[in-house]
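# Fold and geometry: a report
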Amino acid sequence: MPSTFPPGDPGPADGSLPGAVLDGMSSRTFSVYVHVPFCRVRCGYCDFNTYTLPELGETGHRQDVGEPLPGLMGDFTRAAHAELALAQGVLDAGDPPPVSTVFVGGGTPTMLPAEVLGGLVDDVRDRWGLTPGAEITTEANPDTVTPEVAQALAARGFTRVSLGMQSAVPHVLATLDRTHRPENVASAFAAVRAAGMQASLDLIYGTPGESLDDWRTSLQTVVELDPDHVSAYALVVEEGTALARQVRRGEVAAPDDDDEADKYELAEAILGAAGFSWYEISNWSKGAESACEHNLAYWRGGDWWGIGPGAHSHVGGVRWWNVKHPRAYAERLQSGLSPAHAREVLDEEQQYDETVLLGSRLAQGLPLQALSVSGRRAVAGLIADGLVQGAPAIGGRLVLTLRGRLLADTVVHRLLADPHGERCWQVDGASTLPTRPAGATQEGPRQ
């Protein structure tokens, strides 16, 4: 089952935002995320807000080119356009800038025809415009990307495809309930490149039964394909998933922190030797031009509107999230109501905490001047403990070492700890293995 909502206050029926949060919007980056909640098969590890058609009481639909999508897929598409119209009405008072990135995630977005996905991008362009060279990404299951699909996506304005590879080893894919064969990744990758788009490969490590040699095989396969971008995330066993039930029953072993740390270090070694540089704890690219600008917008605290069931949004320190079920989402918008389920207005302390939490994950580092007095005092100890690099700190930026990346929660804990014990950012355990950013969670950045 999809994960539960965080706590929050009810959102207004019209989706309006406090006037103050729109001030200065024209000087900030603005992105759009579209959450497509449909999957052909539910993977056992996934707690994202996704549904198979049988779970929704529907069967597969045949759609002729140019014909409207039937059933809940059609309802979702119409509702997504309606939410874009609502967003335009809400944000116009803030004079939003052109959209710099569009990210279509899920779910499996490529269950929808390229013309439908492209129509959503066209709607974004018509309402706000796109910046020159705007990054437009869709996630895709390798099984759904043929040369024809890739060409159609490129023709509709997509510049980038993020393929859910996860592993190159069949038994690991089977444990994850992935349906694609390893060779399908290569064919989908070739189709994306032939269509002139950038290609990113997403990996998961720490799957029960995955050996270090299995993980090495996956990394070497990635290097041989030579993508523009690689994401690698440690497997998290989420409550309510089939994998969590298997672990609880003792059918498979829980992921091991030491094993995942070894695999992260191996990823850094192999990808680094192949010319990839880390720019965020879980992400590597072939140069700055290949970094995922959409996810950087999350980590840099930019503005974004999330379209779709369960999608999260953030504008000017206000964060909200939509109702989860596709039917409830469509019904809200058909009735002229905002699909927002709840929201929270971040106070200064919360915004500061997020700046430290997210900014410290980046290779460019966090400006020391952005830290509180107690945070700056903690830096020397972090350098001494080998968690933060010394040379960048002399230049005024906090940059994690490799060990610091593995213990990023510890770093954040110490940066945010009040020396008098009055305030301390809470973490679950001392170590952090790279997982998806909070914004990209339901957004974006696993398919």
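Residues numbered from 1 in each chain as written. Predicted model: local features only at pLDDT ≥ 70, side-chain atom pairs only at ≥ 80, totals over all residues. Heavy atoms only, no water.

## Some thoughts on the overall build of the chain
Each helix and strand in the chain was counted, giving 17 helices and 15 strands. Split into buried and exposed, the 447 residues of the chain put 55% on the buried side. Accessible surface computed for the chain: about 17500 Å², of which carbon and sulfur atoms make up 52%. (Helix = DSSP H or I, 4+ residues; strand = E, 2+ residues; numbered from the N terminus. Buried < 20%, exposed > 50% of the residue type's maximum accessible area, 1.4 Å probe, protein only. Areas by Shrake-Rupley, 256 points an atom, 1.4 Å probe, with all protein chains shown as cover.)

## Digging into the environment of His 325
Within the element layout of this structure, His 325 appears in the loop between strand S12 (318–322) and helix H11 (326–334). Since its relative accessible area comes to 31%, His 325 is described here as partly exposed. It is 8.8 Å that separates the C-alpha atoms of His 325 and Tyr 51, two residues lying 274 residues apart in sequence. Not counting chain neighbours up to four residues away, the residues in contact with His 325 comprise Tyr 51, Leu 56 and Pro 309. (Contact = heavy atoms within 4.5 Å.)

## Points about the pairing of strand S11 (residues 312–315)
Here S11 shows a buried face lined by His 312 and His 314 and a second buried face lined by Ser 313 and Val 315. The pairing of S11 with S12 spans four bridges and is antiparallel. What sits directly across from Val 315, in S12, is Val 318. Connecting the antiparallel pair S11 and S12 is a turn made up of two residues, with Gly 316 showing a positive phi of about 55°. (Pairing = 2+ DSSP bridges.)

## Some words on the confidence of the model for the chain
Here the chain shows a mean pLDDT of 89. Residues at 70 or above account for 89%. Segment residues 421–447: pLDDT under 50, and 99 contacts once partners within four positions in sequence are set aside and those in other chains are kept. (pLDDT = per-residue confidence, 0-100.)

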